[in-house]
Amino acid sequence: MSGRFITFEGIDGAGKSTHIERVARHLRQGGAELVQTREPGGTPLAESLRELFLHRDMDGLTEALLVFAARRDHVRNVIAPALAQGHTVLCDRFTDASFAYQGGGRGMDWQVLGTLERWVQEGREPDLTFWFDVDPAVAAQRRAQARDADRLEQLDLAFFERVRDAYRRRAEGSPTRFVRIDAGDTIEGVGAQVIAALEQRGW
Ligand code: TMP
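Residues numbered from 1 in each chain as written. Predicted model: local features only at pLDDT ≥ 70, side-chain atom pairs only at ≥ 80, totals over all residues. Heavy atoms only, no water.

Moving on, we get to the packing of aromatic side chains. Counting across every chain of the model gives eight aromatic pairs. Judged by centre distance (6.4 Å) and plane angle (40°), the ring pair of Phe130 and Phe132 falls under tilted. We note that Phe130, like Phe132, is buried. When the ring of Phe159 is compared with that of Phe160, the centres are 5.3 Å apart and the planes differ by 90°; the resulting orientation is edge-to-face. Note on accessibility: Phe159 and Phe160 belong to one class, buried. Ring-pair connections join several aromatic residues into one group, and the members of that group are Phe8, Phe130 and Phe132. (Phe/Tyr/Trp six-rings, centres within 6.5 Å; stacked < 30°, edge-to-face > 60°. Buried < 20%, exposed > 50% of the residue type's maximum accessible area, 1.4 Å probe, protein only.)

Right, here's the structure in full:
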(Lines give C-alpha, C1' and ligand atoms only; values in the text may rest on other atoms or scores of the structure.)
Protein backbone atom coordinates (compact mmCIF):
# COMPACT_ATOMS: atom_id res chain seq x y z
CA MET A 1 0.00 0.00 0.00
CA SER A 2 1.32 3.41 -0.87
CA GLY A 3 -0.28 6.76 -0.22
CA ARG A 4 -0.21 9.81 -2.43
CA PHE A 5 2.65 12.25 -2.37
CA ILE A 6 1.66 15.81 -3.32
CA THR A 7 4.10 18.73 -3.43
CA PHE A 8 3.63 22.50 -3.71
CA GLU A 9 6.11 24.73 -5.51
CA GLY A 10 6.60 28.27 -6.71
CA ILE A 11 8.67 31.38 -6.13
CA ASP A 12 8.40 33.13 -2.75
CA GLY A 13 5.19 35.20 -2.70
CA ALA A 14 3.29 32.96 -5.13
CA GLY A 15 0.70 32.35 -2.38
CA LYS A 16 0.93 28.56 -2.04
CA SER A 17 0.44 28.34 1.76
CA THR A 18 -3.24 29.34 1.70
CA HIS A 19 -3.92 26.70 -0.91
CA ILE A 20 -2.11 23.90 0.89
CA GLU A 21 -4.68 24.34 3.66
CA ARG A 22 -7.47 24.24 1.09
CA VAL A 23 -6.13 21.01 -0.43
CA ALA A 24 -5.83 19.51 3.08
CA ARG A 25 -9.49 20.30 3.85
CA HIS A 26 -10.65 18.89 0.52
CA LEU A 27 -8.74 15.62 0.92
CA ARG A 28 -9.73 15.19 4.57
CA GLN A 29 -13.38 15.55 3.59
CA GLY A 30 -12.77 12.72 1.12
CA GLY A 31 -11.50 10.55 4.01
CA ALA A 32 -7.73 10.78 3.43
CA GLU A 33 -5.34 10.53 6.40
CA LEU A 34 -2.92 13.41 5.93
CA VAL A 35 0.64 14.22 6.87
CA GLN A 36 1.45 17.91 6.27
CA THR A 37 5.10 18.83 6.15
CA ARG A 38 7.60 21.19 4.53
CA GLU A 39 11.12 21.55 3.16
CA PRO A 40 13.71 22.33 4.12
CA GLY A 41 12.43 20.83 7.38
CA GLY A 42 9.94 18.27 8.59
CA THR A 43 12.21 16.50 11.14
CA PRO A 44 14.18 17.93 14.10
CA LEU A 45 17.47 17.56 12.19
CA ALA A 46 16.08 19.02 8.97
CA GLU A 47 14.50 21.95 10.86
CA SER A 48 17.93 22.71 12.36
CA LEU A 49 19.43 22.67 8.88
CA ARG A 50 16.61 24.97 7.71
CA GLU A 51 17.61 27.59 10.28
CA LEU A 52 21.22 27.52 9.04
CA PHE A 53 20.08 27.54 5.43
CA LEU A 54 17.79 30.55 5.81
CA HIS A 55 20.06 32.72 7.95
CA ARG A 56 23.73 32.00 7.14
CA ASP A 57 25.58 33.12 4.02
CA MET A 58 26.86 30.27 1.84
CA ASP A 59 27.54 29.39 -1.79
CA GLY A 60 25.23 27.46 -4.12
CA LEU A 61 26.89 24.08 -3.62
CA THR A 62 26.70 24.37 0.18
CA GLU A 63 23.04 25.30 -0.17
CA ALA A 64 22.39 22.26 -2.35
CA LEU A 65 24.21 19.89 0.01
CA LEU A 66 22.31 21.26 3.01
CA VAL A 67 18.86 21.02 1.44
CA PHE A 68 19.53 17.50 0.16
CA ALA A 69 20.90 16.42 3.56
CA ALA A 70 17.73 17.76 5.17
CA ARG A 71 15.66 16.00 2.50
CA ARG A 72 17.36 12.67 3.10
CA ASP A 73 16.45 12.76 6.79
CA HIS A 74 12.91 13.89 5.95
CA VAL A 75 12.31 11.20 3.30
CA ARG A 76 13.62 8.39 5.52
CA ASN A 77 11.91 9.38 8.73
CA VAL A 78 8.66 11.04 7.68
CA ILE A 79 7.72 10.83 4.00
CA ALA A 80 8.52 7.19 3.18
CA PRO A 81 6.99 5.76 6.40
CA ALA A 82 3.79 7.83 5.93
CA LEU A 83 3.39 6.71 2.32
CA ALA A 84 4.03 3.11 3.34
CA GLN A 85 1.12 3.37 5.78
CA GLY A 86 -1.12 4.64 2.98
CA HIS A 87 -1.26 8.23 4.21
CA THR A 88 -1.38 11.20 1.86
CA VAL A 89 1.67 13.43 2.25
CA LEU A 90 1.35 17.15 1.48
CA CYS A 91 4.79 18.72 1.29
CA ASP A 92 5.40 22.47 0.99
CA ARG A 93 8.34 22.38 -1.47
CA PHE A 94 10.52 19.40 -2.40
CA THR A 95 13.30 18.62 -4.90
CA ASP A 96 11.92 20.83 -7.67
CA ALA A 97 12.75 23.77 -5.37
CA SER A 98 16.42 22.69 -5.38
CA PHE A 99 16.47 22.63 -9.18
CA ALA A 100 14.70 26.00 -9.26
CA TYR A 101 16.66 27.88 -6.56
CA GLN A 102 20.09 26.21 -6.51
CA GLY A 103 19.97 25.19 -10.20
CA GLY A 104 18.19 28.16 -11.81
CA GLY A 105 18.81 30.83 -9.20
CA ARG A 106 22.37 29.94 -8.16
CA GLY A 107 23.53 28.32 -11.39
CA MET A 108 24.37 24.91 -9.90
CA ASP A 109 24.98 22.12 -12.39
CA TRP A 110 21.68 20.38 -13.24
CA GLN A 111 23.41 16.98 -13.49
CA VAL A 112 24.93 17.28 -10.00
CA LEU A 113 21.47 18.05 -8.67
CA GLY A 114 20.11 15.05 -10.58
CA THR A 115 22.68 12.79 -8.90
CA LEU A 116 21.75 14.11 -5.44
CA GLU A 117 18.08 13.61 -6.32
CA ARG A 118 18.64 9.93 -7.18
CA TRP A 119 20.75 9.23 -4.09
CA VAL A 120 18.35 10.90 -1.71
CA GLN A 121 15.01 9.78 -3.14
CA GLU A 122 15.87 6.23 -4.25
CA GLY A 123 13.19 6.29 -6.93
CA ARG A 124 10.47 7.99 -4.91
CA GLU A 125 8.79 10.86 -6.72
CA PRO A 126 5.79 13.05 -6.00
CA ASP A 127 2.58 11.81 -7.63
CA LEU A 128 1.41 15.37 -8.19
CA THR A 129 3.19 18.72 -8.03
CA PHE A 130 1.29 21.99 -7.96
CA TRP A 131 3.41 24.75 -9.46
CA PHE A 132 2.09 28.17 -8.42
CA ASP A 133 3.40 30.27 -11.27
CA VAL A 134 3.38 34.04 -10.98
CA ASP A 135 5.23 37.03 -12.42
CA PRO A 136 8.20 37.69 -10.07
CA ALA A 137 7.28 41.40 -9.90
CA VAL A 138 3.79 40.51 -8.57
CA ALA A 139 5.33 38.06 -6.09
CA ALA A 140 7.76 40.75 -4.86
CA GLN A 141 4.84 43.12 -4.16
CA ARG A 142 3.03 40.41 -2.22
CA ARG A 143 6.16 39.62 -0.16
CA ALA A 144 6.67 43.29 0.66
CA GLN A 145 3.14 43.48 2.07
CA ALA A 146 3.25 40.17 3.90
CA ARG A 147 6.40 39.76 5.98
CA ASP A 148 10.06 40.50 6.70
CA ALA A 149 12.27 38.93 4.05
CA ASP A 150 14.59 36.00 4.84
CA ARG A 151 17.99 35.59 3.13
CA LEU A 152 16.63 34.29 -0.18
CA GLU A 153 13.60 36.54 -0.31
CA GLN A 154 15.90 39.58 -0.45
CA LEU A 155 17.33 38.51 -3.80
CA ASP A 156 16.55 40.57 -6.88
CA LEU A 157 13.98 40.10 -9.64
CA ALA A 158 16.54 38.59 -12.03
CA PHE A 159 17.17 35.81 -9.49
CA PHE A 160 13.45 35.02 -9.27
CA GLU A 161 13.13 35.11 -13.09
CA ARG A 162 15.80 32.40 -13.25
CA VAL A 163 14.03 30.41 -10.51
CA ARG A 164 10.78 30.67 -12.46
CA ASP A 165 12.46 29.54 -15.70
CA ALA A 166 13.93 26.52 -13.91
CA TYR A 167 10.49 25.57 -12.54
CA ARG A 168 9.19 25.83 -16.11
CA ARG A 169 11.96 23.50 -17.29
CA ARG A 170 11.15 20.94 -14.58
CA ALA A 171 7.43 21.17 -15.44
CA GLU A 172 8.15 20.59 -19.12
CA GLY A 173 10.27 17.56 -18.18
CA SER A 174 7.46 15.94 -16.14
CA PRO A 175 4.20 17.11 -17.73
CA THR A 176 1.98 14.47 -16.11
CA ARG A 177 3.31 15.08 -12.60
CA PHE A 178 3.14 18.89 -12.78
CA VAL A 179 0.01 21.01 -12.74
CA ARG A 180 0.68 24.67 -13.49
CA ILE A 181 -1.55 26.99 -11.51
CA ASP A 182 -1.94 30.59 -12.66
CA ALA A 183 -1.10 32.14 -9.29
CA GLY A 184 -1.62 35.67 -10.62
CA ASP A 185 -5.37 34.99 -10.41
CA THR A 186 -7.50 36.00 -7.36
CA ILE A 187 -7.34 33.77 -4.24
CA GLU A 188 -10.75 32.30 -5.18
CA GLY A 189 -9.62 31.73 -8.77
CA VAL A 190 -6.43 30.00 -7.69
CA GLY A 191 -8.37 27.84 -5.20
CA ALA A 192 -10.78 26.79 -7.96
CA GLN A 193 -7.90 25.77 -10.25
CA VAL A 194 -6.36 23.68 -7.48
CA ILE A 195 -9.57 21.88 -6.53
CA ALA A 196 -10.38 21.26 -10.21
CA ALA A 197 -7.01 19.50 -10.64
CA LEU A 198 -7.76 17.24 -7.67
CA GLU A 199 -11.28 16.46 -8.85
CA GLN A 200 -9.99 15.67 -12.32
CA ARG A 201 -7.99 12.87 -10.68
CA GLY A 202 -10.97 11.74 -8.62
CA TRP A 203 -9.16 12.81 -5.41
P1 TMP B 1 9.54 28.58 2.38
O2 TMP B 1 9.64 30.02 2.77
O3 TMP B 1 8.55 28.33 1.27
O4 TMP B 1 9.37 27.65 3.53
O5 TMP B 1 10.95 28.20 1.70
C6 TMP B 1 12.14 28.51 2.28
C7 TMP B 1 13.13 29.01 1.26
O8 TMP B 1 14.01 27.97 0.91
C9 TMP B 1 12.54 29.53 -0.04
O10 TMP B 1 13.14 30.79 -0.32
C11 TMP B 1 12.98 28.53 -1.07
C12 TMP B 1 14.23 27.95 -0.48
N13 TMP B 1 14.55 26.57 -0.90
C14 TMP B 1 15.69 26.34 -1.67
O15 TMP B 1 16.40 27.28 -2.03
N16 TMP B 1 15.98 25.05 -2.03
C17 TMP B 1 15.22 23.98 -1.65
O18 TMP B 1 15.52 22.84 -2.01
C19 TMP B 1 14.05 24.25 -0.83
C20 TMP B 1 13.21 23.09 -0.38
C21 TMP B 1 13.77 25.55 -0.48
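Time to look at the environment of Ala97. With respect to the element layout, Ala97 can be found in helix H4 (residues 95–105). A residue is classified by how much of its surface remains accessible, and Ala97, at 9% relative accessible area, is buried. Separated by 78 residues in the primary sequence, Ala97 and Pro175 have C-alpha atoms spaced 16 Å apart. Residue contacts for Ala97: discarding those within four places in its chain leaves Glu9, Gln102 and Tyr167. (Helix = DSSP H or I, 4+ residues; strand = E, 2+ residues; numbered from the N terminus. Contact = heavy atoms within 4.5 Å.)

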